[in-house]
Every structure is written in C-alpha cells, then in structure tokens.
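Fold and geometry: a report
As a plain string of letters, each chain reads:
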Amino acid sequence: MGRLEAFMLVATLCVGMAGQGMAQAPAWAWHTVQKGETLPSLAQRYQTTVAALMKLNGWTTPRPLRPGERIKVPVKPHQSSTPSAKPMGNPASPPKAPTQPPSSQGVLVARKVLPSLPQPRLLQVTVGKAIALKVPGLRSVSVAAPEIADVQVLTADTLGVLGKKVGNTSLIVVTATQTMVWEVQVTPEPFLRERLQQLIGLPTVTIEVVKDAIILTGTVPTQSERERATALARLFATTVLDLLRVEEPPTPPTPPKPTLPSPEEIERAIGIKGVRVRLVGDSAVLEGTVETPDEATRAEKVAVLLVPKVINLLQVRPLSADELQALIAIPTVKVRETPEALVLEGTVLTQEDLNRLNELAGQARRKVVNWVKVVAPPPPPTVTFAQKVKDAIGIPTVEVQGDEKGLVLSGTVATQAEKERALRIARFMLGLPPVPPPTPPTTPTPLMVVPGVGAAPMPTPPTGAPTGAAPAEPRLLDLLEVKGGKQIRVELRVLEINRTALRDLGVNFPALAAPGVAIGQIPNPATGGVTGVAQRTPIQAFLQALEQRNVARTLSAPSAVVLSGQEARFNVGGEIPIPVATVAPGVGTTTAVEFRPFGLVMSVLPTVEPNGKIRLTVSAEVSELDFTIAVTIGGAVIPGTRTRKASTQVELASQETLVMSGLVQRLTQTIINRVPLLSKIPILGELFTSRRFQQGETELAILVTPVLVEPTER
C-alpha cells in the first residue's frame, strides 16, 4: 500500500468516525506519571478535581504518585476520538462495523470504493522503545508518519512498532479477514526531564514536559549556553518553547580619575639627563635629546606608568665618527667626519659585509656617504700533494718530497712506532695497502753444465715488450731514521721434542700438546692477548731435564742484538744441489743445477712500543733431508726435505719468553732383524727373520726471548 492510499484511507476513516458520533468514545485515558507530578497538579492539568481522579481510579484516599505509574485521567469528548480500554501492547479484537451509515455524502462515495473500517484503537509507545503486535494472517501494513513511529514486519504474524519522536500517527494493518487501525501515541521517556536537566547542567534552568513539547525557563549566563540548552532539548522533542533569559553581567563602577603627577615628579622618576616633560590635559609630552635609543624607550616606559597617555618627542643624539668606527669594527673601513656628513672609505671582502655596513650606517642618525668598495680576496695558495702528506703525518722533523706518483720520506723520528705511523699515512695517501706485501724469496740463478766448459749461469730467454702494460704503481722511498733508537737482544732456541718418549716418561705438558699455544701463557693487560712466558718460570730447567733424558734436543740457539724496528735473520743449515733439465734457445737440452736451502731459517722483527712493551713478529721454518723419499736423477740420488713452518706476532715485556709449538712430525719405521746366511734360504729364510714396526712423533718448539738493552754511556 502506498503512502497516498494510506492518507486516503485515514481521511475516510476520520470522516466515518465523525459520522458515527462521539457517543462510543470512553471518558478516560491512560497517563504515565512523570517525576514531580502530584494529584493536585494533574487535576489542574486535566481541568478536574482530586476527588474525580480518585473515583476514576478506584481510590478511597489520596496517595502519592510514583514516576512511571499509569493512572486514568478524564478526557473530554472533543479531545480524543481514539479510545482504548485495553492495556497497551495487547489490542482487543476489532469491534463490529456500525449499522448506521454516516450522513456525509463524501463517506458514501468512499464506501463505494472501500469497505467500512473499524474504530481505531489506542497504542502508546515510549520514545526509543519498541513493542510487538501479534496479527494473524498479516498481508500489508502502513504508517501515516514514519518520522514519528516506524513499523517493521518481524515474522509472518508479528509486527514491531518503534517510537522515534513524540507525537501521534495512524497504523493500518490489513489481514486476510479484516482491516485493523491503531492510533499510535509516542510519549516521551519517563525520566526525560531529569535526563535533559543533567545534560544541560545548569541549576538555573527549569524544564517542563507538556505532552510532546518541552518548555525551558530560567536564566543562563551567556547566549551560547542558551543556544546549547535549546539544541539539547530539540534532540528529544520537535516543539521546544525557549523562555530562557540571558543574565547581563553587572556593570563595574567607574573608577575615580587618578590625580596626575607634576612634570617635575615625572622627570625625577625618569632620571635621564636632557628629558623634559610637559602635561597637556591627561597626556604627558616628552621632549629633549638623549644619548641612545634605549634611553628614549626607557623614558617612555617610565612615563606610561605614571600618566595614561604619553607622547614621545625625544630625539637621539647622532653618532660621531669615532663612535661609528667602533660600531662597524672592520679594520679596512675608515670613518671620516665632515661638516655635512660622515664619509665611509675602504674595502670589504664580500657583498654581505657591505650590506651589514649599510645597516650599521643607518644607526648613525645623520647623513652618511658610503664610498666602500667590495674587493674579492686573493685566491688561497695551492697546497702540493707532498705538503698534504706532511700535514697528515704531523711530525715537524719529517720531510716529504714528490707527488702522486711517488714520495720520499726523510728526516728523523723519535721511535719506531712514529716511523711506522708515518709510513702508513704515506702509503694511504698514495693509495697503497697500509702494510707492504712480503718480499718473495730470491730464487738462486740456476746453473747449467756445459761439456768442456763446466758450470755456468743459465741464460735468460728473451721476452717481448708487453702490449698492454698496466699503469705503474706509486712508489714510496723510506729514508727515515729513528733518532736514539733502542736496542733489543733477541735470544732464540729451537728444540725438537720426542712426544712418544715424553708420554713414556709420564709427562703430559698441555702447552706442547696443543698446537699454537704458548707454554705458561699469561694475559697482557695492555693488549688483551697472550704475552708468553716470563723468564722467571722454570721452563729452562724443564727443557734441560728433557735433554738429559734424550727426549729433546736443541737444534739451534742463536742470539743477536738489533735496533728497534730492524729485522734479525737466522739461517742454520745449507743448500742442496738439484739437477734440472732445461731447454735453452740455441743450446738445446741442458742440465741445470738449482740450489735449495734447508735447515733452520728464522726472522725476528722486534719493535719497542711507547708503553715499553716489545712487539715481536716471528717467522720460522725448519727443514731436514729425508732419504726415504729420495729420487734418482741421472744416477744422482736427490733426497727429499721435510719442512715445518710457523709465524706469529705478539707483544711481550722485556725478558719474557714466547714459546711456539705444535709443529708435530709423525714417523713410521720398520726394523728387520735377520740371521746371517740362514735368513736367505728360500721359504725357510722367513723363519730366521723378524720385523718390528715403530712409530714416533716429534714436536718442534721455538723459544723467543727479547731483552731490552740499554747502551752504556762513556
């Protein structure tokens, strides 16, 4: 059913009920008691007496009313045409259709289109609440004013009615057998006045709820509070009667006009020489000359405290040439004074300096002629690459020469550490690694044996020029000298220890059993590493006992004194000739002899640090001839070599010992015992032969002891 049809149906219904008359309407209606309502106030509101209300509700004596309680109140016939004698939410069955037709012709025309409708029943719903109606055989439903009450079909025979706004509307429900009409009356919530009073929060505002209207009376402090109260009331009712009155703040009394001080009193309060005060009405006029602008400002501030209005006509004395010169503070600018103006002469370096000069000249408070020119500063001197390296090194006694392709460092330094630091900085500036790569070992020139001539150096085959040669690497020549360098005596001892015999004796020394661990290691608080073994430990006695037991033997015990930062090399052994067959251009296949070193080769680089410690860089190599792996070349037996190497870098105190161990060599030997003659008999000779296999392990230990040697002065 559309809205237009619903309106037509409601109009027809109203006309039909008017024709039937008001005789069937009941004389009372339900009223929900609000907070603060009493029987006398309700009697006055509904234009009746307290006794009539008591009789209507069946009371014998007056009693207090409870908020939310529903009581019967009288209703005049012309005020209600939608009676309801049943409780809300439980509608009765529709009454029978009237037998007498209405006398209105319009109704007769409408009855030709629509059947007669039953008399509407009253349905009360609170704002924000909903009730459910049970309507069997529901077909359609329509509400006249959806903004007052909303209807929703919950199930096939159940309707939900929701109160949205205070007011009255009509609800028409069409079922399979009949058409029912309800007059929906949406009433305000029971405690609307208390809730609205709490939201407004002003005790001077009184709230009255009359049916679907809210009346606001009382006073509010400001117009914004009045608008806020009205807006809050419109949230609960469409009709709001605003009778609020804005309180006007009391007008403060006009203070008495203060008595102005005399000009002499104002001048004494200012306390600045040259200031004169003149009173004009209630204003003070300041006249005269002061030294600085700050004095003029201070005089005005003091006068404002004494007089309501101040007119400042003070003048500031212009600056002299000397005062402006001190204010500018630029040595290249001079100030000259003439009878007409001050003249600025000289030069400045930048345009910013000239702009600042013009700002300062404006503070002279007199005419200033500016003849200052901007002169660009001379370009800074070019710093050479060698000078940059020297500045980076930061040692006055070090001289640097050269360019990016190569540098020469000369001069003297105090310690070896300073020398190494200077070299590292120079290598960094050249783009070289901080530590130079190790120098490859020098290979001896092979010799060739020429028949009839003897041994001669082998010629080098010619090589062609490289086609794409790489750019040359920058070079660094070190000519630095350590002035007053310290001397260090390096004592070495190389031992070979039989680990098998050591275990047979029942001695287990963990330091020799773990590779790369120093004997008796003690921590170094300066570096946080391992410093070695102090000389006062009984390691010498221990090693001497091993030698007496033939468990250890000393391979070498050299000693040398070197300067700090210089390398000491030890070589104990020899060189073995090895024939090498080569093909020389123009000679053919020849046999060359190449000599390879063997024995003990050791290098020690001690450096005295600024903290008194000695930094050691040790590299050791021990090789020995082994004929068990020899080869025969041209009838010559060439033995093999067994090599053991070790290298490390530590920091020790003077007279402390570093032990490098863990270079283990394992040997397997077969010992055969035979009976002469009988052991050579075939088959039976094995009975007179015995074999025994023996395995042995030897460990190489290197002891390094640096001792700081002080030179004796004579």
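1. Section: the sheet that holds strand β25 (residues 475-482)
On the basis of which strands lie adjacent, the open sheet formed by three strands has the order β21-β22-β25 and mixed pairing. The sheet is open, and its two edges are formed by β21 (398-403) and β25, each paired on a single side. Going across the sheet, the axis of each strand differs from the next one's by a mean of 5°, ignoring polarity. In terms of strand pairing, strand β22 (residues 406-413) meets β25 through eight bridges, oriented parallel. Paired with Val408 across the strands is Leu477, a residue of β25. Strands β21 and β22 of the sheet are contacted by helix α11 (residues 385-393), whose axis makes an angle of about 150° with β21. Along the sheet face, helix α12 (residues 416-430) touches β21, β22 and β25 and points at about 165° away from the line of β25.

2. Here's the deal with the confidence of the model for the chain
It should be kept in mind that the predicted coordinates are not to be read in detail where pLDDT is low. On average, residues of the chain carry a pLDDT of 76, and 74% of them reach 70 or more. The secondary structure element of the chain with the lowest average pLDDT is helix α4 (residues 105-113), at 37, and the one with the highest is strand β15 (residues 309-312), at 91. Across residues 78-114 the pLDDT falls below 50, and counting only partners more than four positions away or on other chains, this stretch makes 55 contacts in the model. Note on residues 509-523: pLDDT under 50 across the span, and 39 contacts to partners over four residues away in sequence or across chains.

3. Here we look at the nonpolar core
Residues Met602, Val604, Leu616 and Val704 are the most contacted members of the largest nonpolar core, which totals 24 residues. Every element with two or more residues in this core is listed here: β26 (487-498), β31 (568-584), β32 (588-608), β33 (614-633), β34 (636-652), β35 (656-674) and β36 (689-709). For this core, the leading source of residues is β33, giving five residues. Leu123, Leu133, Ala145 and Ile148 belong to the second-largest nonpolar core, a separate cluster that totals 18 residues.

4. A word on the sheet that holds strand β6 (residues 149-155)
As summarised here, the arrangement of the three strands in space is β4-β7-β6, forming an open sheet in which the pairing is antiparallel. Taken across any chain shown, the strands that pair with only one partner, and hence form the sheet edges, are β4 (130-134) and β6. Going across the sheet, the axis of each strand differs from the next one's by a mean of 25°, ignoring polarity. Bridge analysis of β4 against strand β7 (residues 158-163) gives five bridges, and the strand direction is antiparallel. Bridge pairing in β7 links Leu133 to Leu159.

Conventions adopted
- Residues numbered from 1 in each chain as written.
- Predicted model: local features only at pLDDT ≥ 70, side-chain atom pairs only at ≥ 80, totals over all residues.
- Heavy atoms only, no water.
- Pairing = 2+ DSSP bridges.
- Helix = DSSP H or I, 4+ residues; strand = E, 2+ residues; numbered from the N terminus.
- Axes fitted to C-alpha atoms, helices over the stretch in contact; angles between N-to-C directions.
- Contact = heavy atoms within 4.5 Å.
- pLDDT = per-residue confidence, 0-100.
- Core = buried A, V, L, I, M, F, W, Y, C linked by side-chain atoms within 4.5 Å.
- Buried < 20%, exposed > 50% of the residue type's maximum accessible area, 1.4 Å probe, protein only.

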